[in-house]
Amino acid sequence: MKLIAEITDKEIFGKEGLSFAEPRYTARAIVKNGDLYAVIHSEKFHPYSLPGGGVDDGEDIITALKREILEETGCTCGSIAELGMIKENRAQADYTQISYYYVVEADSVGVPHFTEEETNSGTELQWHRLSEMIKLINDIHPKTYQQQYLKARDVAALKEYITNYIFMGAQPCDADAIFVVGGSLPEAAELAAELYHNGYSDKIIIGGKFSVKRDCFPLPEFEMEYDFYKDVLIKNGVNENDIYGENRSGYTKQNAEYAKRVVDENNLSIRKALIVCKSFHAKRCLLLYQMYFPNVDFTVVTFDGFDISKNNWYQTEYGRERVMGEIKRIEEQTGEHYANLG
């Protein structure tokens, strides 16, 4: 299993030192039920945490995972996918732990079976949308040494999950059309032109007007995104007759909606298509285009816009804002069915 993080007193407190104690092993999960995620709430033990717990003697990791998920959420496990491993070395407590994290789709939902101590302390199961769950865990103010580690561990797991969820570019393949999602970066049209010249498709569909957040297109020499993209494509050797598009859309959902009109009005037959967009925009673009083209097999081909990539998005406030904004918009624009595809 992939190592997500190693957490020590140095990372949390800036203090040197390591424990050489034998590790405790745990199985933990991000548990989904539709577009809702399980969170364990306990004021006494830890305000908010992801479900999971220790592996008993003689248990394998998956058996322990299923038992812990049933106990803490009342859910039986459907699909189970590896997320990663997190190692903790708590020198001050002379304690080490290795946690194996998974992503679990709930197969059935029942009632949690908390211990008497947990019940008496007010431990409860809550279900939240992804953006809410992330905020709850990120906003914890740990009061104890142990809680510092509990938060750091879950935050590391969530960072890995968010990265996998949002950044989903793939290698290009032969397609009937290339859709270029609206924007103001030339890299989108340049990448589409490259795909065109490499023979992946002989049709490029572009849009739109300009962002609803603006009063005009940001480059004064162009009135609209459509004009800008078309200019970049032609300068990069794309035949004008192979360019289709619209100049009315003002946001991503409209890009997909009006692209469908372009396809229908031009009687284009599309069974497989490429979507070209920024890497942090990939998940939402795919879900929205699937909404308007349910019978098309899409592959998303991305570039890193605004210096935001899967490897650095969490390192700057701007990167975190853009990625968290994508998660919120997915929840608002696509609805439960499409959010659940993640």
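Before reading further, recall that the structure is shown in the block above.
Remember, predicted model here, so these are calculated numbers, not experimental data. (Residues numbered from 1 in each chain as written. Predicted model: local features only at pLDDT ≥ 70, side-chain atom pairs only at ≥ 80, totals over all residues. Heavy atoms only, no water.)

**Overview of the environment of Gly53**
Of note, Gly53 is situated in strand β5 (residues 52-54). Note on Gly53: relative accessible area 8%, which makes it buried. As for Gly53 and Ser99, which are separated by 46 residues in sequence, their C-alpha atoms are 8.7 Å apart. The residues contacting Gly53, other than those within four sequence positions of it, are Arg24, Thr26, Ala27, Arg28 and Glu68. (Helix = DSSP H or I, 4+ residues; strand = E, 2+ residues; numbered from the N terminus. Buried < 20%, exposed > 50% of the residue type's maximum accessible area, 1.4 Å probe, protein only. Contact = heavy atoms within 4.5 Å.)

**A few points about the pattern of salt bridges**
Applying the stated criterion to the full structure yields 17 salt bridges. Glu105 is the salt-bridge partner of Lys32, the closest N and O atoms lying 3.6 Å from each other. Of this pair, Lys32 sits in strand β2 (residues 24-33) while Glu105 sits in strand β7 (residues 95-109), and the two are 73 residues apart along the sequence. Classification of Lys32 as buried rests on a relative accessible area of 1%. Linking Glu257 and Arg261 is a salt bridge whose minimum nitrogen-to-oxygen distance equals 3.0 Å. Of the two residues, Glu257 and Arg261 are both situated in helix α8 (residues 252-265); the distance of 4 residues between them amounts to about one turn of the helix. (Salt bridge = Lys/Arg side-chain N within 4 Å of Asp/Glu carboxyl O.)

**Remarks on the side chain of Asp35**
Along the polypeptide, Asp35 turns up in the loop between β2 and β3 (36-42). Within polar-contact distance, the side chain of Asp35 engages the side chain of Arg129 at 3.1 Å. (Polar contact = N/O pair within 3.5 Å; in protein donor to acceptor, adjacent residues only side chain to side chain.)

**Comments concerning the sheet that holds strand β13 (residues 297-303)**
The 5 strands lie next to each other as β11-β10-β9-β12-β13, forming an open sheet whose pairing is parallel. Because the sheet does not close on itself, it has two edges, and the strands there are β11 (243-245) and β13. Put simply, the sheet's adjacent strands are angled 25° from each other on average, direction ignored. Relative to strand β10 (residues 204-206), strand β9 (residues 177-180) runs parallel, the two being bridged by 2 bridges. Its bridge partner lying in β10, Ile178 is registered against Ile204. (Pairing = 2+ DSSP bridges. Axes fitted to C-alpha atoms, helices over the stretch in contact; angles between N-to-C directions.)

**Some thoughts on the packing of helix α6 (residues 186-197) against helix α7 (residues 225-235)**
Close contact between α6 and α7 brings their axes to 9 Å; oriented N to C, the two are set at 45°. If you check the angle between α6 and α7, you find them oblique. As α6 packs across α7, the resulting crossing turns out to be right-handed. Here Pro186, Ala188, Ala189, Glu190, Ala192 and Ala193 of α6 lie close against α7, whose contacting residues are Phe228, Tyr229, Val232 and Leu233. Of the residues contributing to the contact of α6 with α7, the split by class is 9 nonpolar, no polar and 1 charged. (Parallel < 35°, antiparallel > 145°, perpendicular 65-115°, else oblique. Left-handed = near helix turned anticlockwise from the far one by under 90°. Nonpolar A, V, L, I, M, F, W, Y, C, P; charged D, E, K, R; others polar.)

**Digging into the pairing of β13**
In summary, the side chains of a regular strand alternate between the two faces of the sheet. Most of β13 is tucked away, with 5 of its 7 residues classed as buried. Here strand β12 (residues 272-278) pairs with β13 via 7 bridges, running parallel. Across the sheet, the residue bridging to Cys277 is Thr302, located in β13. In this fold, the crossover linking β12 to β13 by way of helix α9 (residues 282-292) has right-handed handedness. (Right-handed = clockwise from strand over helix to strand, strands pointing away.)

**Let's talk about the environment of Val262**
Tracing the chain through its elements places Val262 in helix α8. Val262 gets classed as buried once you look at its relative accessible area, which sits at 4%. For the pair Val262 and Ile166, spaced 96 residues apart in sequence, the C-alpha separation works out to 27 Å. Ignoring anything within four residues of it in the chain, the contact list for Val262 reads Ile205, Tyr244, Gly245 and Glu246.

Interpretation in functional terms is not warranted from these geometric data alone.
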